[in-house]
Amino acid sequence: MSEVVSFDDHHLTRSAKQSQTGQTPAPVFFNRLELGQILQVYGQMVAKSEWRDYAIGQDKNTCIFAIFHRTTDRPLYRIYKEPRLAAKQGAFSVLAQNGRILKRGKTLDQVLKVFDRMRFKAID
(Lines give C-alpha, C1' and ligand atoms only; values in the text may rest on other atoms or scores of the structure.)
Protein backbone atom coordinates (compact mmCIF):
# COMPACT_ATOMS: atom_id res chain seq x y z
CA MET A 1 0.00 0.00 0.00
CA SER A 2 1.21 3.57 -0.66
CA GLU A 3 2.26 6.00 2.03
CA VAL A 4 0.49 9.33 2.54
CA VAL A 5 2.90 12.26 2.51
CA SER A 6 2.01 15.90 3.03
CA PHE A 7 2.56 18.19 0.08
CA ASP A 8 4.96 20.46 2.02
CA ASP A 9 7.27 17.57 2.87
CA HIS A 10 7.19 16.28 -0.68
CA HIS A 11 7.95 19.72 -2.14
CA LEU A 12 10.94 20.24 0.18
CA THR A 13 12.51 16.88 -0.59
CA ARG A 14 11.92 17.31 -4.29
CA SER A 15 13.51 20.79 -4.40
CA ALA A 16 16.50 19.54 -2.42
CA LYS A 17 17.04 16.77 -4.98
CA GLN A 18 16.86 19.25 -7.88
CA SER A 19 19.41 21.56 -6.27
CA GLN A 20 21.83 18.67 -5.84
CA THR A 21 21.55 17.55 -9.46
CA GLY A 22 22.79 20.91 -10.77
CA GLN A 23 19.61 22.29 -12.23
CA THR A 24 20.20 24.76 -15.08
CA PRO A 25 20.08 28.43 -14.09
CA ALA A 26 17.26 30.68 -15.25
CA PRO A 27 17.85 32.45 -18.57
CA VAL A 28 19.18 36.01 -18.41
CA PHE A 29 17.12 38.85 -19.91
CA PHE A 30 16.90 42.61 -19.60
CA ASN A 31 13.86 43.47 -17.51
CA ARG A 32 11.38 46.13 -18.55
CA LEU A 33 13.05 48.96 -16.60
CA GLU A 34 16.52 48.12 -17.93
CA LEU A 35 15.29 47.87 -21.50
CA GLY A 36 13.51 51.21 -21.10
CA GLN A 37 16.74 52.87 -19.95
CA ILE A 38 18.69 51.43 -22.87
CA LEU A 39 16.04 52.39 -25.42
CA GLN A 40 15.91 55.95 -24.08
CA VAL A 41 19.63 56.40 -24.80
CA TYR A 42 19.25 54.56 -28.11
CA GLY A 43 16.36 56.81 -29.18
CA GLN A 44 18.35 59.97 -28.49
CA MET A 45 21.27 58.72 -30.56
CA VAL A 46 18.97 57.64 -33.40
CA ALA A 47 17.51 61.15 -33.44
CA LYS A 48 21.06 62.47 -33.97
CA SER A 49 21.59 59.89 -36.78
CA GLU A 50 24.51 58.33 -34.90
CA TRP A 51 22.93 54.90 -34.52
CA ARG A 52 20.52 53.16 -36.85
CA ASP A 53 19.90 49.60 -35.72
CA TYR A 54 20.08 47.30 -32.70
CA ALA A 55 19.91 43.63 -31.85
CA ILE A 56 19.23 41.77 -28.63
CA GLY A 57 20.93 38.44 -28.04
CA GLN A 58 21.20 35.94 -25.25
CA ASP A 59 23.30 32.97 -24.31
CA LYS A 60 23.49 30.81 -21.22
CA ASN A 61 24.95 33.41 -18.81
CA THR A 62 24.55 36.80 -20.52
CA CYS A 63 22.14 39.07 -22.33
CA ILE A 64 23.49 41.47 -24.94
CA PHE A 65 22.10 44.65 -26.50
CA ALA A 66 24.17 45.42 -29.61
CA ILE A 67 24.11 48.86 -31.26
CA PHE A 68 24.88 49.31 -34.97
CA HIS A 69 25.60 52.28 -37.23
CA ARG A 70 24.61 50.16 -40.23
CA THR A 71 22.99 46.76 -40.15
CA THR A 72 25.79 45.15 -42.13
CA ASP A 73 28.58 46.45 -39.86
CA ARG A 74 29.91 45.04 -36.64
CA PRO A 75 28.20 46.51 -33.56
CA LEU A 76 29.58 49.86 -32.41
CA TYR A 77 28.75 49.09 -28.78
CA ARG A 78 27.52 46.08 -26.83
CA ILE A 79 25.75 46.38 -23.51
CA TYR A 80 26.13 43.19 -21.48
CA LYS A 81 24.18 41.92 -18.49
CA GLU A 82 26.03 39.16 -16.62
CA PRO A 83 24.37 38.46 -13.25
CA ARG A 84 27.12 36.02 -12.20
CA LEU A 85 29.55 39.00 -12.01
CA ALA A 86 27.21 41.14 -9.88
CA ALA A 87 29.13 40.58 -6.65
CA LYS A 88 32.55 41.06 -8.24
CA GLN A 89 32.81 43.72 -10.94
CA GLY A 90 29.15 44.50 -11.53
CA ALA A 91 26.52 42.84 -13.65
CA PHE A 92 26.52 45.44 -16.43
CA SER A 93 29.21 46.48 -18.89
CA VAL A 94 29.60 48.41 -22.14
CA LEU A 95 32.08 47.17 -24.73
CA ALA A 96 33.39 49.11 -27.74
CA GLN A 97 33.64 47.74 -31.26
CA ASN A 98 37.20 46.53 -30.67
CA GLY A 99 36.18 44.58 -27.54
CA ARG A 100 37.56 47.07 -25.01
CA ILE A 101 35.47 47.50 -21.87
CA LEU A 102 34.42 51.15 -21.67
CA LYS A 103 32.47 50.98 -18.41
CA ARG A 104 31.50 48.34 -15.89
CA GLY A 105 29.18 48.73 -12.93
CA LYS A 106 26.58 47.31 -10.62
CA THR A 107 23.67 49.35 -12.04
CA LEU A 108 22.70 49.94 -15.63
CA ASP A 109 22.17 53.66 -15.02
CA GLN A 110 25.79 53.97 -13.90
CA VAL A 111 27.06 52.14 -16.98
CA LEU A 112 24.96 54.10 -19.48
CA LYS A 113 26.65 57.33 -18.36
CA VAL A 114 29.45 56.44 -20.78
CA PHE A 115 27.11 57.63 -23.56
CA ASP A 116 26.42 61.02 -21.92
CA ARG A 117 29.45 62.66 -23.47
CA MET A 118 28.21 61.58 -26.90
CA ARG A 119 24.68 62.85 -26.39
CA PHE A 120 25.65 66.35 -25.34
CA LYS A 121 28.39 67.32 -27.79
CA ALA A 122 28.58 71.03 -28.55
CA ILE A 123 28.00 71.90 -32.18
CA ASP A 124 29.73 74.93 -33.72
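Our subject is the structure that appears above.
The residue numbering used here restarts from 1 in each chain and proceeds along that chain's sequence as written. For a predicted model such as this one, the threshold for reporting local features is a pLDDT of at least 70, and the threshold for listing and counting side-chain atom pairs is 80 or more; totals across whole chains, interfaces and linings nevertheless cover every residue. Processing note: side-chain calculations cover all non-hydrogen atoms of the structure and skip hydrogens and water entirely.

Chemist: Sorry if this is basic, but what is going on with the packing of aromatic side chains here?
Modeler: To describe a pair of aromatic rings, one takes the distance between the centres and the angle between the planes. In summary, the pairing rule links any two rings of Phe, Tyr or Trp, Trp by its six-membered ring, whose centres are within 6.5 Å, and it sorts them by plane angle into stacked for under 30 degrees, edge-to-face for over 60 and tilted for everything else. The full count for this structure, using the stated rule, is seven aromatic pairs. Ring plane angle 75° and centroid distance 5.1 Å describe the contact between Tyr42 and Tyr54, whose orientation is recorded as edge-to-face. Residue Tyr42 is found in helix α2 (residues 32-47), and its partner Tyr54 is found in strand β1 (residues 53-58); the two are separated by 12 residues along the sequence. Buried residues are those whose accessible area, probed at 1.4 Å on protein chains only, stays under 20% of the maximum for their type, while exposed residues exceed 50% and partly exposed ones sit between those limits. For Tyr42, a relative accessible area of 10% gives the class buried. With centroids separated by 5.1 Å and ring planes inclined at 85°, the aromatic side chains of Tyr77 and Phe115 adopt a geometry described as edge-to-face. With a gap of 38 residues between them, Tyr77 in strand β3 (residues 77-81) and Phe115 in the loop between α3 (108-112) and α4 (116-119) connect regions that are remote in the sequence. What links up through ring pairs into an aromatic cluster is the set Tyr42, Trp51, Tyr54, Phe65, Tyr77 and Phe115. Helix and strand definitions here come from DSSP, where helices need a minimum of 4 consecutive H or I residues and strands a minimum of 2 consecutive E residues; each element is numbered from the N-terminal end.

Chemist: I'm lost on the pattern of salt bridges in this one. Help?
Modeler: Note that side chains of opposite charge can pair when their charged atoms are close. Think of a salt bridge as a Lys or Arg side-chain nitrogen and an Asp or Glu carboxyl oxygen that are within 4 Å of each other. Applying the stated criterion across every chain, the model contains three salt bridges. Glu34 is paired through a salt bridge with Lys81; the nearest N and O atoms lie 2.9 Å apart. Of this pair, Glu34 sits in helix α2 while Lys81 sits in strand β3; the two residues are 47 residues apart in sequence, bridging distant segments of the chain. Across this residue pair, the class does not change: Glu34 and Lys81 are buried. Across the pair Glu82 and Arg84 runs a salt bridge, and its minimum N-O distance is 3.4 Å.

Chemist: Explain the side chain of Glu34 here, please?
Modeler: Taking relative accessible area as the criterion, Glu34 reaches 11% and is therefore assigned buried. The residues touching Glu34, leaving out its near neighbours within four places in the chain, are Phe29, Lys81, Phe92 and Leu108. Between two residues, a contact is recorded if the distance between any of their heavy atoms is within 4.5 Å.

Chemist: How do you make sense of the pairing of strand β4 (residues 92-96) when you look at a structure like this?
Modeler: Among the five residues in β4, five count as buried, and that is most of the element. Burial along β4 is two-sided: Phe92, Val94 and Ala96 facing one way and Ser93 and Leu95 facing the other are all buried. Strand pairing is assigned whenever DSSP identifies at least 2 bridges connecting the two strands. Bridge count for β3 against β4 is five bridges, and the pairing is antiparallel. Paired with Tyr80 across the bridge in β4 is Ser93. In this structure, β4 lies alongside strand β5 (residues 101-105), joined through four bridges in antiparallel fashion. Each residue of the ladder has a partner; that of Leu95, found in β5, is Ile101.

Chemist: What am I meant to see in a nonpolar patch on the surface here?
Modeler: Exposure above 30% relative accessible area and no salt bridge define the residues that can form patches, which grow by joining like charges within 9 Å and nonpolar side chains of Val, Leu, Ile, Met, Phe, Trp and Tyr within 5 Å. All accessible areas in this document rest on Shrake-Rupley with a 1.4 Å probe, and a residue is counted as covered only by the protein chains that are shown. Residues Leu39, Tyr54 and Ile56 make up a contiguous nonpolar surface patch of roughly 260 Å² in combined accessible area. Summarising the element assignment, Leu39 is placed in helix α2. Taking the relative accessible area as the measure of exposure, Leu39 reaches 35% and is therefore partly exposed.

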